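Next come the chains, spelled out residue by residue.
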Amino acid sequence: MHELQRAIILSLFVLCPSTDSGCELFRKFDMPSLFKQGDVMIGGIFPVFNKEIISTPTFESEPPRVKCAGFDLRAFRWTQVMIFATEEINNDPAFLPNISLGYRILNSCASPTNTLRAALTLASGPQERELNSPCPPAISALIAESGSSQSLAVAGTLGPFQVPIVSYFSTCACLSDRAKYPTFFRTIPSDYFQAKALAALVEHFGWQWIGAIQSDNDYGRGGIQAFTEEVKKLGVCIAFVGTILRTYTMDKILDVVEMIKQSAVKVILAFIPEGDFYPLMKEVVKQNITGIQWIASEAWITATRPSTPEIYQAFGGALGFVVQKMAIPNLKQFLTGISPYTDPSAAFVRDFWEIMVGCRPVLPGEQTGTEATNEICTGYETLLNSQDVFFNVTQLRVSYNVYKAVYAIAHALHQLIFCQPVGENTVRPCLNMSEIQPKEVTDHLRRVNFKNQFGDHVFFDVNGDPPPSYDIINWQLIDGQVQHVTVGHFASATHVNYKLRIQKEEIVWRTGKMVPTAMCSDVCPVGTRKAQKKGKPNCCFDCIPCADGTIANSTGAADCTPCSREYWSNERKDECIPKTIEFLTYHEPMGIAITVVSLLGASLSLAMMMVFIRYRETPVIKASNSELSCFLLLSLFLCFLCPLTFIGRPTVWTCMLRHTAFGVTFALCISCVLGKTIVVVTAFKATFPGNTFAGKFGPAQQRIIVCSCTLIQIVICVLWLKLNPPFPDMVLRHSNKKIVLECNTGSEAAFYAVLGYIGILALICLVLAFLARKLPDNFNEAKLITFSMLIFCAVWITFIPAYVSSPGKFTVAVEIFAILSSAFGLFTSIFAPKCYIILIKPEKNTKKHVMRKTLPENRIS
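Model, not experiment: these values are computed from the prediction.

Looking now at the confidence of the model for the chain. When pLDDT is averaged along the chain, the result is 84, and 88% of the positions lie at 70 or above. Counting contacts from residues 128–133, a segment whose pLDDT is below 50, to residues more than four positions away or on other chains yields 15 contacts.

This next bit is on the state of the cysteines. Linking two cysteines covalently via their sulfur atoms produces the bond known as a disulfide. By the definition in use, this model includes 10 disulfides. Here C546 is linked by a disulfide to C560, with a sulfur-sulfur distance of 2.0 Å. Its torsion about the S-S bond being -80°, the disulfide of C546 and C560 is classed as left-handed. Of this pair, C546 sits in the loop between β24 (541–545) and β25 (550–551) while C560 sits in the loop between β25 and β26 (561–562), placing them 14 residues apart in sequence. In this structure C546 comes out as buried when scored by relative accessible area, which is 3%. The cysteine C639 is free of any disulfide, with C669 supplying the nearest cysteine sulfur at 4.8 Å. Its relative accessible area of 0% is what places C639 among the buried residues. Unpaired in terms of disulfides, C793 finds its nearest cysteine sulfur in C765, a separation of 8.9 Å.

For the rest of this paragraph, the subject is the sheet that holds strand β15 (residues 319–322). A sheet is described by the order of its strands in space; here eight strands give the open sequence β12-β11-β13-β14-β15-β20-β21-β22, paired in mixed fashion. Across the chains shown, the open sheet's two edge strands, defined by having one partner strand only, are β12 (237–244) and β22 (499–502). Each strand axis lies, on average, 25° off the axis of its neighbour in the sheet, ignoring direction. In this structure, strand β13 (residues 267–271) lies alongside strand β14 (residues 293–296), joined through four bridges in parallel fashion. Each residue of the ladder has a partner; that of I268, found in β14, is W294. Along the sheet, helix α7 (residues 250–262) contacts β11 (209–215), β12, β13 and β14; its crossing angle with β12, the most-contacted strand, is approximately 160°.

With that settled, consider the pairing of β13. Of all five residues making up β13, five are buried, and the element is well covered by its neighbours. Neither face of β13 is left uncovered, since the one carrying V267, L269 and F271 and the one carrying I268 and A270 both have all their residues buried. With four bridges connecting them, β11 and β13 associate as parallel partners. Its bridge partner lying in β13, Q214 is registered against F271. Between the parallel pair β13 and β14, the chain is carried across by helix α8 (residues 274–286), and the sense of this crossover is right-handed.

Take the nonpolar core next. The biggest cluster of nonpolar side chains holds 73 residues, and the ones touching the most others in it are F46, F76, M82, I143 and F352. For this core, the secondary structure elements donating two or more residues are β4 (40–46), α2 (73–90), β7 (101–107), β8 (141–143), α10 (331–336), α11 (349–357), α12 (398–418) and α13 (438–446). It is α12 that contributes the most residues to this core, 15 residues altogether. Contact partners of F76, with chain neighbours within four places excluded, come to V48, F71, I338, F348, V349, F352 and F390.

Calculation rules
The residue count restarts for each chain, going from 1 along the sequence in the order it is written. Residue-level local features of this predicted model are given only where pLDDT is at least 70; pairs of side-chain atoms are given and counted only at 80 or more, and the full residue set underlies all totals for whole chains, interfaces and linings. Calculated side-chain values reflect all of the structure's heavy atoms, with hydrogen atoms and water omitted. A score between 0 and 100, pLDDT records how confident the predictor is in each residue. Only heavy atoms enter the contact rule, under which two residues are in contact if any of them lie within 4.5 Å. Here, the term disulfide refers to a pair of cysteine sulfur atoms separated by no more than 2.5 Å. In this text, helices come from DSSP runs of H or I with a minimum length of four residues, and strands from runs of E with a minimum of two, each type numbered from the N-terminal end. Residue exposure (1.4 Å probe, protein chains only): buried if accessible area is under 20% of the type maximum, exposed if over 50%, otherwise partly exposed. A pair of strands counts as paired when DSSP detects no fewer than two bridges linking them. Every axis corresponds to a line fitted to the C-alpha atoms, with the helix fit spanning only the stretch in contact, and the corresponding angles, defined between N-to-C directions, vary from 0 to 180 degrees. Call a crossover right-handed when, viewed with both strands pointing away from you, the route from the first strand across the helix to the second goes clockwise. Throughout this description, the term nonpolar core refers to a set of buried Ala, Val, Leu, Ile, Met, Phe, Trp, Tyr and Cys residues connected via side-chain atoms within 4.5 Å.

So this is what it looks like as structure tokens:
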């Protein structure tokens, strides 16, 4: 970075300032170039050598000429494509008629500092000018550069001078910032789109846990940052990010190799230029690190140098995105015609010749020297029959970008000079070439939109970017050679909608035929959820079984979904199943037992009623008030039938019937007992002289007592049904796995009012019967009523806490038990002794026995 700042300062001395004596060139860099003079000049900067040999300046003498190493055949071909396109345009009468297009191409050594030197050299005038002559720029447009860091240096320096720059291989999204780089264009899509394409690829194969390696420059850092932002939206985690550069020491490279070995990731993205990545690739192969699926950026996936069987051992099956390929007609003939003997002054050609032919060309008059490592060429060598990949022009990608860049500039110049598009009848120029300004070329580049000979539309969007379109390349070993096989495509008509198309069956994976997996943790199976591991990325988690009542019916669930209130989770916790419906049925043992007991009680009541009717003229029946006894037996018959309404699935009608029928029948029952108790008390009091109360309490009064007491309960029940009636309800509180169907009382107050009223009647009976306990021993009606009321009250007092605390259907069972127990208590206590005398001891069924003490029959009949 310090060298870059020094180079910018040097621009003050390199650019041609206007002085009193005209344009004076203070200093120029000594940089070899490929040059051809033309009426309009365009510049080119390419990394023909891919490594700059750094020298430390002493500031005591003029810095030496920059030295570079590592001749790059791929970059040299880019220079030749630029020359080829320029010659093709000059030979096309439709382009710039009577105007020649010249070029000057310099080497950047893949270094931002040297790229800036080259840019300043191209921007400065080639020679001094006469007094009062203007200082026009040396070039009208510049094609540069392959690396994003280099393009940033060029665009930041030449942008203020409005020089248009068209890059063929710089993809950093930062270069789309028109506020900083208003004159920058490119024929390769931005990394913004490549990041989306890479993220779509990762999502397509379900990779969740991947590593990343970036170059320590704007290209690598910007690319990984854009990719990370995209995959985070998809829940993908980056396990590590390694950083390398071609100038790094071996220790730093080994650190990245160790990072790869220590990590458990099986998919790694390398967003890095081929020159920076190649040293790491060799070390990975050397240490035999295999089984990794590599994802490549466009910078190295189709590079020639690493595409060897040796590198394939560790990187075979790599997937990456590249720009569209194209076969340029007549280019191979042009490339095979390259010769150091054609133009001895042409830069880089002799280095190219030594690599291709294997000998060093010596021109007439040159000294051979003794330090040469290659043998001297004979002069008869030719490239026409060479099978080197350099001459394979059927799959040109970056070279095609260079080709399009030259034609885009030519279209802009033609439109500027002739004020009409290419192809229309040209009359004459509308602008003198001396008046061409870079700013005007930039303006016309923004409006370039043409269809080239291959059918591709060439244009730039508002950010200077072309429409995104990528091929997906897969490294495959075919006939012992690494081939770059197209297995898919990623394209977009707009910047919003993208489409990824992959031919899975065509892909060769490094791990075999199966798609490799890339997960920090296995996908959670159904019935479990993710639980984040503390201190780990989101992709690292444990699988926790869902809690009861919740499910996860898909793999990889982040949370368990609660079941609705009518459902519960199954054992696997992957499905909500209906809860078990529970209510008292006729088919279960408890329901059968209750039914049998209820019918038995009802049958006994009817049988007793028949006995009473049959023996109604006997003294025992007369003494017990046959009419009230029959009413009581009828009410007991209904009480015994009440539990049947509590069995079965609750409905609206059964819920209203069960509680009101229970209340009314028991009110009738206790009212009859109350009537009998009053009769007994009055009969007892009638034994005292002068007491006429018994005569006033005859059958009519008894009926009134029974009806009025029952009517009050009927009124309570009617109000209950009218205001807030019972209704069927689902109770979930007793068990998570069951739904208890029961009748909700609707109004608790009304329910306890019904019970309370029955309790009041029972209490009155108990008190009155207790007062009559001293009746003659043989006539023990009062004692029987007292005992029955004690049983009744005891049952219903214990019923309340049992009813409240019983769960589920046992609540209903408790209420039925209370009904049957109290009914049997009344039946047994009052009628069993009488039945015993009538049926078993008929000799005691006499008036004398009943009235052993003086007790007028007519007073109790």
